[in-house]
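# Secondary and tertiary structure notes
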Amino acid sequence: MSMMPARVKYRKQQRGNRAGTATRGNRVAYGEYGLLSLERCWLDTKQIEAARVAISRHMKKRGKMWIRVFPDKPITKKPLEVRMGTGKGAVETWVAVVKPATILFEVDGIPEALARESMRLAAAKLPMRTRFISRHRLG
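Summarised in this report is the structure supplied together with it. These numbers were taken from a predicted model, which means no experiment stands behind them.

It is worth spelling out the sheet that holds strand β1 (residues 33-37) at this point. Read from one edge of the open sheet, four strands run β3-β6-β1-β7, paired in antiparallel fashion. Of all the strands in the sheet, just β3 (64-67) and β7 (130-134) have a single pairing partner and so form its edges. Neighbouring strand axes in the sheet, compared pairwise and without regard to direction, differ in orientation by 20° on average. As paired strands, β1 and strand β6 (residues 103-108) are joined by four bridges and run antiparallel to one another.

So, in structure tokens, the structure goes:
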């Protein structure tokens with residue numbers, strides 16, 4: 001099952017504003033190494049899952065991983081070939097709103113070379129440019 005909130009106050013949401021850089025979730029907080037976003041986007045549940053699988057497969061069973069983004073925004077879509085009007089479509093998927101400087105994933109307990117390669121594989125699954133960073137120095 002893909003990531004989504006257990007329950008929400010409102011079933012449908014407006015698109016919102018993605019301007020600006022992240023003021024929260026923009027520091028390596030849990031692990032030693034992190035993957036930092038350089039662009040803004042909506043991260044889909046499938047993209048987060050694909051990146052998570054890429055990291056955990058490459059790390060094998062060593063170290064620990066944290067996912068710092070959660071898809072809590074519902075995205076609606078109307079069926080194909082439906083006329084305009086008659087309200088907003090049904091919820092199709094859930095996305096995480098990502099701004100530049102958001103930390104997406106963190107890892108710890110593995111050597112830097114392994115962490116760097118794991119994050120590189122994850123970044124290939126994501127729709128934006130990213131940067132590998134360390135807790136103590138920018139990568």
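So, next bit.
Before going further, it helps to spend a moment on the pattern of salt bridges. Throughout the structure, instances matching the rule amount to five salt bridges. A salt bridge links Glu-112 to Arg-116, with the shortest nitrogen-to-oxygen separation between them at 2.8 Å. A residue pair is termed a helical-turn pair when its members lie 3 or 4 positions apart in one helix, as Glu-112 and Arg-116 do in helix α2 (residues 112-123) at four residues.

A few words now on unusual backbone geometry. Notably, Glu-81 is not glycine yet its phi reads approximately 55°, a positive angle. Relative to the assigned elements, Glu-81 resides in the loop between β4 (73-77) and β5 (90-98). Look at Glu-81 and you get exposed, because its relative accessible area is 84%. In this model, Ala-101 sits at a positive phi of 85°, which is unusual for a non-glycine residue. On the secondary structure map, Ala-101 appears in the loop between β5 and β6. For Ala-101, a relative accessible area of 24% puts it in the partly exposed group.

Conventions used here
- Residues numbered from 1 in each chain as written.
- Predicted model: local features only at pLDDT ≥ 70, side-chain atom pairs only at ≥ 80, totals over all residues.
- Heavy atoms only, no water.
- Pairing = 2+ DSSP bridges.
- Helix = DSSP H or I, 4+ residues; strand = E, 2+ residues; numbered from the N terminus.
- Axes fitted to C-alpha atoms, helices over the stretch in contact; angles between N-to-C directions.
- Salt bridge = Lys/Arg side-chain N within 4 Å of Asp/Glu carboxyl O.
- Buried < 20%, exposed > 50% of the residue type's maximum accessible area, 1.4 Å probe, protein only.

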